[in-house]
Amino acid sequence: MREFPEELKTTLLKSLLLGIALHLLAVFFSTGFHRPDEYLGMIQFMTYKLGLLPASDLSWEFPAQIRPWAQVWLYYTQTKVLGAIGITNPFHLAFFYRLLSSMLALFSMFLVSLLIPQYIKSTRFRILALYSCFSLSYFPFFHARTTAENFGITFFIFGLYPLLKTTPPKRISAMMIGLCWGLSFIFRFQMSFMIAPALIVFLVKNRSFDFLYSWITGFLLSLALMVWGDHWGYGVWTFTPWNYFYHNIILGRAGSYGVDPFYYYGLKIFLQGLPPLSLLFMFSFVWWWIKKPTHLLSVITLCFFVLHSVVGHKEARFIYGLGAFLPLFIFTMLEELDTRYALSQKKWAKIIFYLVLIQNFLFLVISSTRPAYGNFNFYKHLYQKEEKIERIYTLLVNRDPLKFYLKNPVEWVLVDSEIQQAQVIST
């Protein structure tokens, strides 16, 4: 922070305060989950550990022992602490889970913002980059998610930040980098697609074996914590990274959820982000990969993208974490293009720029002010009813009832709309 330009500190503070407000908005409104794993692999596992759910209700990941317990343990600890002061409402508890996830991620973006002056020289583009660190279209929504993808990139940035500073990390910093990257790997094993190339590039450029020894110490410490945590969760000694690899890669379990072509992520970014915003995202990455091919950020993002593209089963959320580098990528690209072609003086470029700003603002408001799960308000309504609800009739199969949010066991009855017969679904 002492190296940060004085003339930008006020802008940094304003952009950070705006980011805090937007993130709190998303924490409050984006209730529920974006993808089922956010509940099934986190909250439901925690509910089991609290003794409120039988193991038979957990997904196949539990008997396969492929999911690490580190993130679950954080929410479990929160639940115990909050319960000790009288906060037991599951919706209030979930608010604090999202708050923890969001604030950790927000701090990681604060670290990214501190790097802005190192890469961008123009005051105008520095200011835009600082604001984008905290208010890019999907950041508040993504950061509020209790997902492995969110925690994985967050802790990776914690370890990456010292490597990107102009002064090389000292031995104690190297151990902390190893610890943070180890935690990043534990939260999401696919973060190895970034960790391995980042370590290789740094060592090739610096040839620091003292750094390597200290890094390994920190990384092994995190693995020891993982093994202990998984024993706490599963009740037996196990090594979840191997279990994950064995079931999903060797046995091909991941492919059973669908296999997509190599170009899937490029198409998804284009369609989900919507042009021109999505095109700006895509071009900034390609520009960095071409213009700065040996830069640490280019290597890790390209490896992460390519390796995820090679893996058969793909979901857009798997690469959301790449967006953490967009503020640096977009505005270094725009700064150079403006220097070469005076884009800021061209009317068409200004029109596109304002369209992107409006589009980003609309996406930001929409994603931050609506429930992440459309049916979540039903559970709120159910929880708030004074009478005890013991049976619910439904026309739809409710495969995974959100039992964490129920006051008491509920019997779900599937009604056949044609013959008006009820079939009891076990819960």
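The model shown is predicted, which means the values in this text are computed figures rather than measured ones.

K.L.:
How would you explain a nonpolar patch on the surface if you had to name every residue and give the values?
P.N.:
Residues Phe239, Trp242, Phe245, Tyr246, Ile249, Ile250 and Leu251 make up a contiguous nonpolar surface patch of about 700 Å² in total accessible area. Positionally, isoleucine 249 belongs in helix H13 (residues 240-250). When its relative accessible area of 48% is taken as the criterion, isoleucine 249 is described as partly exposed.

K.L.:
Describe the packing of aromatic side chains, with residues and values.
P.N.:
One pass over the structure, following the stated rule, counts 52 aromatic pairs. Ring geometry for phenylalanine 33 versus tyrosine 373: centroids 4.4 Å apart, planes at 20 degrees, classification stacked. A residue pair is termed long-range when its members are at least 10 positions apart, and phenylalanine 33 in the loop between helix H1 (6-29) and helix H2 (37-49) and tyrosine 373 in the loop between helix H18 (347-368) and helix H19 (376-384) qualify at 340 residues. With relative accessibility at 22%, the residue tyrosine 373 sits in the partly exposed group. Positioned above the aromatic ring of phenylalanine 141, the side-chain terminus of arginine 145 is 4.7 Å from the ring centre.

K.L.:
For the pattern of salt bridges, give the residues involved together with the corresponding values.
P.N.:
Two side chains bearing opposite charge may form a pair once their charged atoms approach each other closely. Counted by the stated rule, this structure contains 16 salt bridges. Note that arginine 340 and glutamate 336 form a salt bridge whose closest N and O atoms lie 3.5 Å from each other. Residue arginine 340 and its partner glutamate 336 are both found in helix H17 (residues 326-341); the two are separated by four residues, about one turn of the helix. A relative accessible area of 25% places glutamate 336 in the partly exposed class. Overlapping salt bridges, with partners in common, bring together Arg35, Asp37, Glu61, Arg67, Glu149, Arg188, Glu315 and Arg317 in one network.

K.L.:
I'd like to hear about the nonpolar core, residue by residue, with values.
P.N.:
Of all hydrophobic cores here, the largest spans 117 residues; its most connected members are Phe156, Trp181 and Leu297. Per-element accounting of this core gives the leading share, eleven residues, to helix H9 (residues 148-164).

K.L.:
Quick rundown of the pairing of strand E1 (residues 391-394)? Include the residues and the values.
P.N.:
Side-chain alternation along E1 places Ile392 and Thr394 on a buried face and Arg391 and Tyr393 on a face that remains uncovered. Alignment of E1 against strand E2 (residues 411-415), held across four bridges, turns out to be parallel. Note that in E2 the partner of arginine 391 across the bridge is glutamate 411.

K.L.:
I'd love a proper account of the packing of helix H5 (residues 90-114) against H9, names of residues and values included.
P.N.:
Packing of H5 against H9 leaves a shortest axis separation of 9 Å and a crossing angle of 35 degrees. Considering the relative orientation of H5 and H9, their crossing is left-handed. Between H5 and H9, the residues in contact are Ser101, Leu104, Ala105, Phe107, Ser108, Leu111, Val112 and Leu114 and Asn150, Phe151, Thr154, Phe155, Ile157, Phe158 and Tyr161, respectively. Residue composition of the contact of H5 with H9, grouped by class: eleven nonpolar, four polar and no charged.

Reading the values: rules and limits
- Residues numbered from 1 in each chain as written.
- Predicted model: local features only at pLDDT ≥ 70, side-chain atom pairs only at ≥ 80, totals over all residues.
- Heavy atoms only, no water.
- Patch = residues over 30% accessible without salt bridge, like charges linked within 9 Å, V, L, I, M, F, W, Y side chains within 5 Å.
- Areas by Shrake-Rupley, 256 points an atom, 1.4 Å probe, with all protein chains shown as cover.
- Salt bridge = Lys/Arg side-chain N within 4 Å of Asp/Glu carboxyl O.
- Helix = DSSP H or I, 4+ residues; strand = E, 2+ residues; numbered from the N terminus.
- Buried < 20%, exposed > 50% of the residue type's maximum accessible area, 1.4 Å probe, protein only.
- Phe/Tyr/Trp six-rings, centres within 6.5 Å; stacked < 30°, edge-to-face > 60°.
- Lys NZ or Arg CZ within 6 Å of the ring centre and 35° of its normal.
- Core = buried A, V, L, I, M, F, W, Y, C linked by side-chain atoms within 4.5 Å.
- Pairing = 2+ DSSP bridges.
- Axes fitted to C-alpha atoms, helices over the stretch in contact; angles between N-to-C directions.
- Left-handed = near helix turned anticlockwise from the far one by under 90°.
- Contact = heavy atoms within 4.5 Å.
- Nonpolar A, V, L, I, M, F, W, Y, C, P; charged D, E, K, R; others polar.

Shape is all these values report; function is a separate question.
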